[in-house]
Amino acid sequence: MTPPTPSTLLDSAARVAAARLEQLRRAGLLREDLFVDGRWRPASTGRRLEVRDPATGELVGSVATASATDVHDAVAAAAGALGAWRALPAGARGEVLSRWQELLLSRTGDLAALLTIEQGKPIGESVGELTYSAAFLRYFAEEARRSYGEVIPHNRPGRRLFALRQPIGVVAAITPWNFPALMIARKVAPAIAAGCTVVLKPPSEAPLSALALAELASQAGMPRGVLNVVHGDPVVVGAALTESPDVRMLTFTGSTEVGKLLMAQCAPTVKRVALELGGNAPFVVFDDADLDAAVAGAIESKFRNAGQTCVCANRVLVQAGVHDEFVERFARGVADLVVGHGIDPAVHVGPLIDEQALVKVERHLDDAVSMGAEVRWGGHPHKLGGTFFEPTVVVGAEAGMTIAREETFGPVAPVFRFETEEEALALANATESGLAAYFYTRGLGRALRFGEALDFGVVGVNTGSISYEGAPFGGMKQSGLGREGSHHGLEEFLEVKYLCVDGVTAPGH
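Everything numeric here is computed off the predicted structure, so don't read it as measured data. (Residues numbered from 1 in each chain as written. Predicted model: local features only at pLDDT ≥ 70, side-chain atom pairs only at ≥ 80, totals over all residues. Heavy atoms only, no water.)

Asks: Explain a nonpolar patch on the surface to me, please; I cannot follow it from the model alone.
Replies: Residues Leu-499, Val-501 and Val-504 make up a contiguous nonpolar surface patch of about 190 Å² in total accessible area. Of note, Val-504 is situated in the segment after strand 22 (494-502). (Patch = residues over 30% accessible without salt bridge, like charges linked within 9 Å, V, L, I, M, F, W, Y side chains within 5 Å. Areas by Shrake-Rupley, 256 points an atom, 1.4 Å probe, with all protein chains shown as cover. Salt bridge = Lys/Arg side-chain N within 4 Å of Asp/Glu carboxyl O. Helix = DSSP H or I, 4+ residues; strand = E, 2+ residues; numbered from the N terminus.)

Here it is as structure tokens:
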């Protein structure tokens, strides 16, 4: 039997994707308009933004392109809903989030197909992202009841002192394309649990998951104006959100460059900002590591979502004593990864999001090879064409290469050799980013010593998977401000108010 050609495989996957999209449309989950004040409405511009499957280039949908006026309407709706929502008992807010979570879980299969088709990641990863998103909704549905205040010992007779925690107000949330569902849950759930209202700007590359989640939020009984979704030109929408005095906080996940720009735009109105920005994660393997675990962890961390995650292993640092054996096992494991359309359950690695991402990967790889690095596996655009790229292992990487200094955001793993723990620490910390880091060792002392010395906000020891809704997630240095997840994630959306009450003494005293 003649094996199928790459074009035949993609054509078959495209037919499956088209059938799933039709199911989504019939189920009312394929939304394409703005969601403002609890209603679906077209944009005042009349313009549409095309959304295409990054694996095939096929048109998935076209969403309304918001004007500044549309954004202002969404902010006004959020401001109008704020008083009633913040006054609602925390348990009642939590019940809305719980119903939203239940609906999300009931439609995970449909939502995963949509996420894969618009973003490109394998269907198994999409299911995992949605399950994790539901976990955030559940966690903050419960955490809403725990935004405790304080009673402060008073400093004079007849006085009582309190510290109250109150919602900050209207929140603008700008989310990225690499986790189009998860980043919504991680930002919107704590904001809503705290009593804030939200205007969400999803990514232009993958906005449809956000709209499907908004539809489910509406079905869950989310009051009008509490959650609003506007999409379109990032410059237009971002400027309208940052300029508005009614928006009291901006939470953003994306590139460091854009995060700095948004931070500056928020300064005139002194908004609170929470930023999760770029990473350049080191993945360190010491010579006392469990190599099987380290290889599996490196593959999981590096090639999830085709390397398009801010916490993926961007630099693999391996101690000299195990370097060659690690590389051999690592390359062998990478060679087994299946590349293709993510709708196929057998696929491990999908396409890059667009042509610009492919160009960046090729630029980093070409620079490394020109400076003496060697491609051990892969190294070329994939035979499927488009923005597919072969999972790649590069050895002989050095600190002066672009691939060491910049976040590649693609399926290329450069391996660096080091001799001592001190050298590994210096290499790992030699970056302006400080989001995530990983290392493998069997030594308890080294695990504590090295973990404490790493200048990163999230550190995985003997694991390449560190995400958990009950733990604080965020970066150091230029990787951002604030934390998501855990009770720290709720506190981002709360103000502390000091209440000093005098005249408490009884009459006549």
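Asks: For this particular structure, what's the right way to read the sheet that holds strand 6 (residues 159-167)?
Replies: Two strands in a sheet stick together by hydrogen bonds in their backbones, pointing the same way (parallel) or opposite ways (antiparallel). Read across the open sheet, the three strands follow the order 5-6-22; overall the sheet is antiparallel. Looking at which strands have only one partner, the edges of the open sheet turn out to be strand 5 (150-152) and strand 22. When strand polarity is set aside, the average angle formed by the axes of neighbouring strands in this sheet is 25 degrees. Judged from the three bridges that link them, strand 5 and strand 6 form a sheet pairing that is antiparallel. Following the sheet pairing, Val-151 is matched in strand 6 by Phe-162. (Pairing = 2+ DSSP bridges. Axes fitted to C-alpha atoms, helices over the stretch in contact; angles between N-to-C directions.)

Asks: Just checking my understanding: could you explain the packing of helix 14 (residues 421-429) against helix 15 (residues 444-453) for this structure?
Replies: Any two packed helices are characterised by how steeply their axes cross, that is the angle between the axes, and by the distance between the axes. Close contact between helix 14 and helix 15 brings their axes to 10 Å; oriented N to C, the two are set at 30 degrees. By the criterion of interaxial angle, the relationship of helix 14 to helix 15 is roughly parallel. The handedness of the crossing between helix 14 and helix 15 comes out as right-handed. Contacts between helix 14 and helix 15 pair Glu-421, Ala-424, Leu-425 and Asn-429 from the former with Arg-446, Arg-449, Phe-450 and Ala-453 from the latter. (Parallel < 35°, antiparallel > 145°, perpendicular 65-115°, else oblique. Left-handed = near helix turned anticlockwise from the far one by under 90°. Contact = heavy atoms within 4.5 Å.)

Asks: Could you clarify how one ought to interpret the sheet that holds strand 12 (residues 281-285) in this entry?
Replies: Here seven strands make up an open sheet; going across it, the order is 14-15-16-13-12-18-19 and the pairing mixed. Each of the sheet's edge strands pairs with one partner strand only, and the pair in question is strand 14 (374-377) and strand 19 (458-461). Between one strand axis and the next, the sheet turns by 25 degrees as a mean value, whatever way the strands run. As defined by bridge partners, strand 12 adjoins strand 13 (residues 313-319) across five bridges and the pair is classed as parallel. Looking at strand 13, one finds that Val-285 is bridged to Val-318. Across the sheet, helix 14 lies against strand 12, strand 13 and strand 16 (412-418), angled at about 170 degrees from strand 13, the strand it touches most.

Asks: Help me understand the packing of aromatic side chains in this model?
Replies: For any two aromatic rings, the description comes down to two numbers: the centre-to-centre distance and the angle of the planes. In total, this model carries 13 aromatic pairs according to the counting rule given. Measuring from ring centre to ring centre gives 6.4 Å for Phe-286 and Phe-439, while their planes differ by 85 degrees; the resulting arrangement is edge-to-face. Here Phe-286, found in the loop between strand 12 and helix 10 (291-303), pairs with Phe-439, found in strand 18 (residues 436-440); they are 153 residues apart in sequence, far enough to count as distant. Side by side, Phe-286 and Phe-439 carry an identical accessibility label, which is buried. Measuring from ring centre to ring centre gives 6.4 Å for Phe-303 and Phe-330, while their planes differ by 40 degrees; the resulting arrangement is tilted. On the criterion of sequence distance, the pair formed by Phe-303 in helix 10 and Phe-330 in helix 11 (residues 320-335) is long-range, its members being 27 residues apart. By relative accessible area, Phe-330 is classed as buried at 0%. Linked through ring pairs, Tyr-132, Phe-136, Tyr-139 and Phe-140 together constitute an aromatic cluster. Directly above the aromatic system of Phe-473 lies the positively charged group of Arg-186, at a separation of 4.2 Å from the ring centroid. Across the ring face of Phe-456, the terminal group of Lys-477 is positioned such that the distance to the ring centre comes to 5.5 Å. (Phe/Tyr/Trp six-rings, centres within 6.5 Å; stacked < 30°, edge-to-face > 60°. Buried < 20%, exposed > 50% of the residue type's maximum accessible area, 1.4 Å probe, protein only. Lys NZ or Arg CZ within 6 Å of the ring centre and 35° of its normal.)

Asks: Which parts of the structure should I look at to understand the pattern of salt bridges?
Replies: In a structure, side chains of opposite charge can pair up when their charged atoms sit close to one another. Inspection of every chain in the model, using the stated rule, returns 28 salt bridges. Across the pair Arg-20 and Asp-110 runs a salt bridge whose closest N-O atoms are separated by 3.7 Å. Here Arg-20, found in helix 1 (residues 6-26), pairs with Asp-110, found in helix 4 (residues 108-119); they are 90 residues apart in sequence, far enough to count as distant. Look at the salt bridges and you will find they share partners, linking Arg-186, Lys-187, Glu-276 and Glu-484 into a network.

Asks: Looking at this structure, how should I read the packing of helix 3 (residues 90-106) against helix 5 (residues 123-143)?
Replies: With their axes 8 Å apart at the nearest point, helix 3 and helix 5 run at an angle of 165 degrees to one another. The pairing of helix 3 with helix 5 is recorded here as roughly antiparallel in orientation. As helix 3 runs across helix 5, the sense of the crossing is left-handed. Side by side, helix 3 and helix 5 meet where Gly-94, Leu-97, Ser-98, Trp-100, Gln-101, Leu-104 and Leu-105 of the first sit next to Leu-130, Ser-133, Ala-134, Leu-137, Arg-138, Phe-140 and Ala-141 of the second. Each residue belonging to the contact of helix 3 with helix 5 can be placed in one class, and the counts come to nine nonpolar, four polar and one charged. (Nonpolar A, V, L, I, M, F, W, Y, C, P; charged D, E, K, R; others polar.)

Asks: Explain the pairing of strand 7 (residues 170-174) here, please?
Replies: The side chains of a regular strand alternate, first on one face of the sheet and then on the other. Among the five residues of strand 7, five are classified as buried, and the element is accordingly described as predominantly covered. Relative to strand 8 (residues 197-201), strand 7 runs parallel, the two being bridged by five bridges. By the bridge assignment for strand 8, Val-170 is matched with Thr-197. With helix 6 (residues 182-194) bridging strand 7 and its parallel neighbour strand 8, the resulting β-α-β unit is right-handed. Both strand 7 and strand 10 (residues 247-253) contribute to a ladder of five bridges, which runs parallel. Bridging from a neighbouring strand, Val-171 pairs with Met-249 of strand 10. (Right-handed = clockwise from strand over helix to strand, strands pointing away.)

Asks: Mind showing me how you'd approach unusual backbone geometry here?
Replies: For residues other than glycine, phi is negative in most cases, and the peptide bonds are mostly trans. Here Phe-409, not a glycine, exhibits a phi torsion of approximately 60 degrees, which is positive. Taking relative accessible area as the criterion, Phe-409 reaches 18% and is therefore assigned buried. The backbone of Ser-486 shows a phi angle near 65 degrees, a positive value even though the residue is not glycine. With respect to the secondary-structure elements, Ser-486 resides in helix 16 (residues 486-491).

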